[in-house]
Amino acid sequence: MDVVDSKLKTAVEFGASHTINSRTENAVEIIQQVTTGRGADYVFMTAGSVEAVKQSLQMVAPRGTVVIVGVVNDPVPLFLGDIPIFEKNIIGTK
């Protein structure tokens, strides 16, 4: 998933089975369709934006993990009830 079509084309060349331009497509909806409503086991959030964090939590499956790579410098309003109810994990990385 990216907002730059040339990067998406390169992802396909490296073996990506699906690509999403999140600027022109509803990324959360597509992830839900591709995973038959379950969500992804792992979501790596590299964009560093508030909206990307919120979308990542909507994309991840129950017991799935969101790995935050991009630094977000603004407060992120989240509905935290989904985390314990669906056992979602949020972790950071260097």
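The structure reproduced in this document is the subject of the present report. The structure presented is a predicted model; accordingly, all values stated were derived computationally and were not measured.

**Re the overall build of the chain**
Reasoning step 1: For the chain, the count of helices and strands is four helices and three strands.
Reasoning step 2: Listing every helix and strand of the chain by position from the N terminus yields α-α-β-α-β-α-β.
Reasoning step 3: For a compact globule of 94 residues, the expected C-alpha radius of gyration is about 12 Å, and the chain comes in at 13 Å, within 12% of that figure.
Reasoning step 4: In terms of its C-alpha atoms, the chain occupies a principal-axis envelope of roughly 35 × 30 × 25 Å.

**Things to note about the pairing of strand β1 (residues 40-45)**
Reasoning step 1: In the sheet, β1 pairs with strand β2 (residues 60-68) via five bridges, with the strands oriented parallel. Following the sheet pairing, Ala40 is matched in β2 by Val60.
Reasoning step 2: Of the crossover connections in this fold, the one passing from β1 over helix α3 (residues 50-59) to the parallel β2 is right-handed.

**Details of the pairing of β2**
Along any regular strand the residues' side chains alternate between the sheet's two faces.
Reasoning step 1: As paired strands, β2 and strand β3 (residues 89-92) are joined by four bridges and run parallel to one another. Considered in β3, the bridge of Thr65 is made with Asn89.

**Considerations on the nonpolar core**
Reasoning step 1: Counting 11 residues, the largest nonpolar core is built from Ile20, Ala27, Val28, Ile30, Ile31, Ala40, Val43, Leu57, Met59, Val60 and Val66.
Reasoning step 2: For this core, the element with the highest residue contribution is helix α2 (residues 27-34), accounting for four residues.
Reasoning step 3: Those residues within four positions of Ala40 in sequence are excluded, and the remaining contacts are Ile31, Thr35, Met59, Val60 and Ala61.

**Some points on α3**
Reasoning step 1: Along α3, the positions that sit buried rather than exposed are Ala52, Val53, Ser56, Leu57 and Met59. The buried residues of α3 all sit within an arc of 160 degrees when viewed along its axis, so they share a single face.
Reasoning step 2: Elements in contact with the buried residues of α3: α2, β1, β2 and β3.

**Examining the packing of aromatic side chains**
Between two aromatic rings, the relevant description is the distance of the centres plus the angle of the planes.
Reasoning step 1: A complete count under the given rule lists one aromatic pair for this structure.
Reasoning step 2: Ring geometry for Tyr42 versus Phe44: centroids 6.5 Å apart, planes at 25 degrees, classification stacked. Take Tyr42 and Phe44: they sit in the same class, and that class is exposed.

**Here's the deal with the environment of Val76**
Reasoning step 1: Here Val76 is to be found in the loop between β2 and α4 (82-86).
Reasoning step 2: According to the relative accessible area criterion, Val76 is partly exposed, its value standing at 27%.
Reasoning step 3: Along the backbone, Val76 and Lys9 are 67 residues apart, and their C-alpha atoms lie at a distance of 31 Å.
Reasoning step 4: If near-sequence neighbours (up to four positions away) are discounted, Val76 is found in contact with Val50, Val53 and Lys54.

What counts, and at which threshold
Counting restarts for each chain: residues are numbered from 1 in the order of the written sequence. Given that the model is predicted, a residue must reach a pLDDT of at least 70 before its local features are reported, and side-chain atom pairs must reach 80 or more before they are shown or counted; all residues, however, enter totals for whole chains, interfaces and linings. Side-chain numbers here rest on the full set of heavy atoms in the structure, without hydrogens or water. By the criteria applied, helices consist of DSSP H or I runs no shorter than four residues and strands consist of E runs no shorter than two, each listed in order from the N terminus. Put simply, the radius of gyration uses C-alpha atoms, and a globule should come to 2.2 Å times the residue count raised to 0.38. One requirement defines pairing of two strands: DSSP has to find at least two bridges between them. Handedness is read with the strands pointing away from the viewer; a crossover is right-handed when the path from the first strand over the helix to the second is clockwise. By nonpolar core we mean a set of buried residues, namely Ala, Val, Leu, Ile, Met, Phe, Trp, Tyr and Cys, connected to one another through side-chain atoms within 4.5 Å. Buried means the residue's accessible area, taken with a 1.4 Å probe over protein chains only, is under 20% of the maximum for its type, while exposed means over 50%, and partly exposed covers the values in between. Every residue pair with non-hydrogen atoms within 4.5 Å of one another is taken to be in contact. When we speak of the arc, we mean the arc of directions from the helix axis to the C-beta atoms. Within 6.5 Å between ring centres, the rings of Phe, Tyr and Trp (the latter by its six-membered ring) count as paired, and their orientation is classed by plane angle as stacked under 30 degrees, edge-to-face over 60, tilted in between.

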